[in-house]
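Structural overview for review
What follows is the residue order along each chain.
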Amino acid sequence: MEIGQIIKNARKAKKLSQEQLANQVDYDTGNLSRLERGLQSTTPEKLKRIMDVLGIKLAQSSQGMDSPQDSGMSNVQMALQPSRGPKDYPLISWVIAGEWAESCDNFHPGDAETWIASVENAGPNGFWLDVKGDSMTCSGNPNFPEGSRILVQPEADLISGKYYVIKLENGESTFKQYIEDAGHKYLRPLNPNYRTIEIDGHFKVIGRVIDTKMTGL
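Along every chain, residues carry numbers that run from 1 in the direction the sequence is written. The predicted origin of the model limits local features to residues at a pLDDT of at least 70 and limits the giving and counting of side-chain atom pairs to 80 or more, whereas totals for whole chains, interfaces and linings rest on all residues. As a rule here, side-chain values cover all heavy atoms of the structure and leave hydrogens and water aside.

**Describing the overall build of the chain**
Regarding its fold elements, the chain presents 5 helices and 11 strands. Burial status follows relative accessibility: with a 1.4 Å probe on protein chains alone, a residue under 20% of its type maximum counts as buried, one over 50% as exposed, and anything between as partly exposed. Out of the 217 residues in the chain, the part that is buried amounts to 40%. Contacts are residue-level and defined by heavy atoms, with any inter-residue pair within 4.5 Å sufficient. Of the contacts made within the chain by residues no fewer than 6 positions apart, 59% connect residues no fewer than 24 positions apart. To measure how exposed things are, a 1.4 Å probe is used in the Shrake-Rupley method; for residues, cover is taken only from the protein chains shown. Surface exposure of the chain reaches about 12,100 Å², of which carbon and sulfur atoms provide 45%. Secondary structure elements follow DSSP: runs of H or I no shorter than four residues count as helices, runs of E no shorter than two count as strands, and numbering proceeds from the N terminus.

**Focus on the confidence of the model for the chain**
Averaged over the chain, the pLDDT score is 80; the fraction of residues at 70 or greater is 79%. Each residue carries a pLDDT score, the predictor's confidence in it, ranging from 0 to 100. When pLDDT is averaged over each helix and strand of the chain, the minimum, 47, is found for strand 2 (residues 76-80) and the maximum, 95, for strand 9 (residues 184-188). In the model, residues 60-83 has pLDDT below 50 throughout and makes 38 contacts with residues more than four positions away in sequence or in other chains.

**Considerations on the packing of aromatic side chains**
Stacked, tilted and edge-to-face are the three classes applied to pairs of Phe, Tyr and Trp rings, where Trp contributes its six-membered ring and a pair requires centres within 6.5 Å; stacked means planes under 30 degrees apart, edge-to-face means over 60, and tilted covers the rest. Scanning all chains against the criterion turns up 3 aromatic pairs. Their ring planes at 80° and their centres at 5.0 Å tell us that phenylalanine 144 and phenylalanine 175 sit as a pair that is edge-to-face. Placement of phenylalanine 144 in the loop between strand 5 (127-130) and strand 6 (149-154) and of phenylalanine 175 in strand 8 (residues 173-181) is noted, with a sequence separation of 31 residues between them. Both residues of the pair, phenylalanine 144 and phenylalanine 175, belong to the buried class. With a centroid separation of 6.1 Å and 85° between ring planes, the pair formed by tyrosine 164 and tyrosine 178 is classed as edge-to-face. Remark: tyrosine 178 occurs in strand 8 and tyrosine 164 occurs in strand 7 (residues 163-167); sequence separation between them is 14 residues.

**A few points about the pairing of strand 9**
Between any two strands, pairing holds if DSSP finds at least two bridges. For strand 8 and strand 9, the ladder comprises 5 bridges, and the chain directions are antiparallel. Residue pairing across strands places isoleucine 179 opposite tyrosine 186, the latter belonging to strand 9. Turn length for the strand 8-strand 9 hairpin, with the two strands adjacent in sequence and antiparallel, is 2 residues, and the turn residue alanine 182 shows positive phi of about 55°. As judged from the 2 bridges shared by strand 9 and strand 10 (residues 197-198), these two strands associate in the antiparallel manner. Residue tyrosine 186 lies in a different strand from strand 10, and its bridge partner there is glutamate 198.

Next comes the structure, spelled out in structure tokens:
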């Protein structure tokens, strides 16, 4: 099977859209689409990043191939790695999430009444939040309607284009897309009816959103 088809199958098995996968590996969606259709190749570094996210690995054939790049990646097989088992993370309030930004000692996950499983690795202190309001609701993908749940990975690095829960200088905690452009920092809502916020003061990153679940289905 061609590597592009294997990437496509693995992506669908994890229920990721092309845009979601592209966002996770910092890759252009159009390039990913062409890669899956076998219309272009990619660098070994980018391929490894895609495979790490999808939980797959390269297995060289027995025909003396040195690397996937040497043969245009046409003479490789893919082997699924053992999938990571789901882990339960606590669903907490936004108040506690704000306190977490100040000191992890204030966070007591054992006190949570609701625990939700995810196969994503949010670290030892990961937690879920309920989305409030419709500022992150849109007709595209991703879409975070009110009442959906987001899994937060604390102490994550800031990467432009990713989604974060951030505590602003006024003490308010908010969930937005983080954007850096020409030295300026912004928090962008997905709903076009809300304005993009430039953050020019102090702010605290509570964590990066790495998974979401719908409720009420």
